[in-house]
Amino acid sequence: MLSAIRDYLQQRGEASLADISRHLDADSDAVRGMLEQWERKGRVERRKVKAECGSSCNRCDPSSMELYVWRGGKRSS
């Protein structure tokens, strides 16, 4: 699953936890754990994003509020 996450983020540049989980058809907590491995290697940066509506009601899916950015460069083909 680690390489699938890497490939997905390399293609997109960035994606929310919800997007990655949906793409891999995997649980968000499991995907977050895999992303933490890439973070420790310095290949991924996690960012918190604000709700599009601008409120802080916490009704949004928390996994859609975590953005992961690939920092390891583009994959050569």
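Numbering of residues begins from 1 in every chain and follows the order in which that chain's sequence is written. Per-residue local features are limited, in this predicted model, to residues with pLDDT of at least 70; the limit for side-chain atom pairs, both in listing and counting, is 80 or more; totals at the level of whole chains, interfaces and linings are taken over all residues. For the side-chain quantities, the full set of heavy atoms in the structure was used; hydrogens and water were omitted.

1. A closer look at the packing of aromatic side chains
Only the six-membered ring of Trp is used, alongside the rings of Phe and Tyr, when aromatic pairs are assigned; centres must lie within 6.5 Å, and planes under 30 degrees apart are stacked while those over 60 apart are edge-to-face, with the rest tilted. Taken as a whole and assessed by the stated rule, the structure comprises 1 aromatic pair. An angle of 70° between the planes, with centres 5.3 Å apart, marks the rings of W38 and W70 as edge-to-face. Note that W38 is positioned in helix 3 (residues 28–40) and W70 in strand 3 (residues 66–70), a separation of 32 residues in sequence. Each member of the pair, W38 together with W70, is buried. Charge over a ring is defined by NZ of Lys or CZ of Arg lying within 6 Å of the ring centre and within 35 degrees of the ring normal. The ring of W38 has K41 sitting right over it, with the charged end atom 5.1 Å from the ring centre. The helix count covers DSSP runs of H or I at least four residues long, the strand count covers runs of E at least two residues long, and both are numbered beginning at the N terminus. For every residue, the accessible area obtained with a 1.4 Å probe (protein chains only) is divided by the maximum for its type, and the residue is called buried under 20%, exposed over 50%, and partly exposed between those limits.

2. With respect to the packing of helix 2 (residues 17–24) against helix 3
One way to put it is that helix 2 packs onto helix 3 with a least axis distance of 9 Å and a crossing angle of 110°. With respect to helix 3, the axis of helix 2 lies roughly perpendicular. Residues L17, I20, S21 and L24 of helix 2 form the contact with helix 3, whose participating residues are S28, V31, R32 and L35. By the convention adopted, Pro, Cys, Tyr, Trp, Phe, Met, Ile, Leu, Val and Ala count as nonpolar, Lys, Arg, Asp and Glu as charged, and the other residues, Gly among them, as polar. Of the residues contributing to the contact of helix 2 with helix 3, the split by class is 5 nonpolar, 2 polar and 1 charged. Inter-axis angles, ranging from 0 to 180 degrees, are taken between N-to-C directions of lines fitted to C-alpha atoms, where helices are fitted over the stretch in contact. We call two directions roughly parallel when the angle between them is under 35 degrees, roughly antiparallel when it is over 145, roughly perpendicular when it lies between 65 and 115, and oblique otherwise. Note on contacts: a residue pair qualifies if any of its non-hydrogen atoms lie within 4.5 Å across the two residues.

3. With respect to the pattern of salt bridges
We count a salt bridge whenever a side-chain nitrogen from Lys or Arg sits within 4 Å of a carboxyl oxygen from Asp or Glu. Overall, the coordinates contain 9 salt bridges when judged by the stated rule. R46 is the salt-bridge partner of E66, the closest N and O atoms lying 3.9 Å from each other. With a gap of 20 residues between them, E66 in strand 3 and R46 in strand 2 (residues 44–48) connect regions that are remote in the sequence. Judged by its relative accessible area of 4%, E66 is buried. Owing to a relative accessible area of 35%, R46 belongs among the partly exposed residues under this scheme. Each of D29, R32, E39, R46 and E66 takes part in a single network of salt bridges with overlapping partners.

4. Examining the pairing of strand 3
Two faces, one strand: in a regular strand the side chains alternate between the faces of the sheet. With 5 of 5 residues buried, strand 3 lies mostly within the body of the structure. Burial of strand 3 is two-sided: the residues E66, Y68 and W70 facing one way and the residues L67 and V69 facing the other way are all buried. Two strands pair if DSSP finds at least two bridges between them. Where strand 1 (residues 14–16) lies against strand 3, 3 bridges are found, and the strand directions are antiparallel. Paired with A15 across the strands is Y68, a residue of strand 3. Pairing between strand 2 and strand 3: 5 bridges, direction antiparallel. In the sheet register, R47 faces strand 3, and the bridge partner there is L67.

All quantities given are derived from atomic positions and should not be read as evidence of function.
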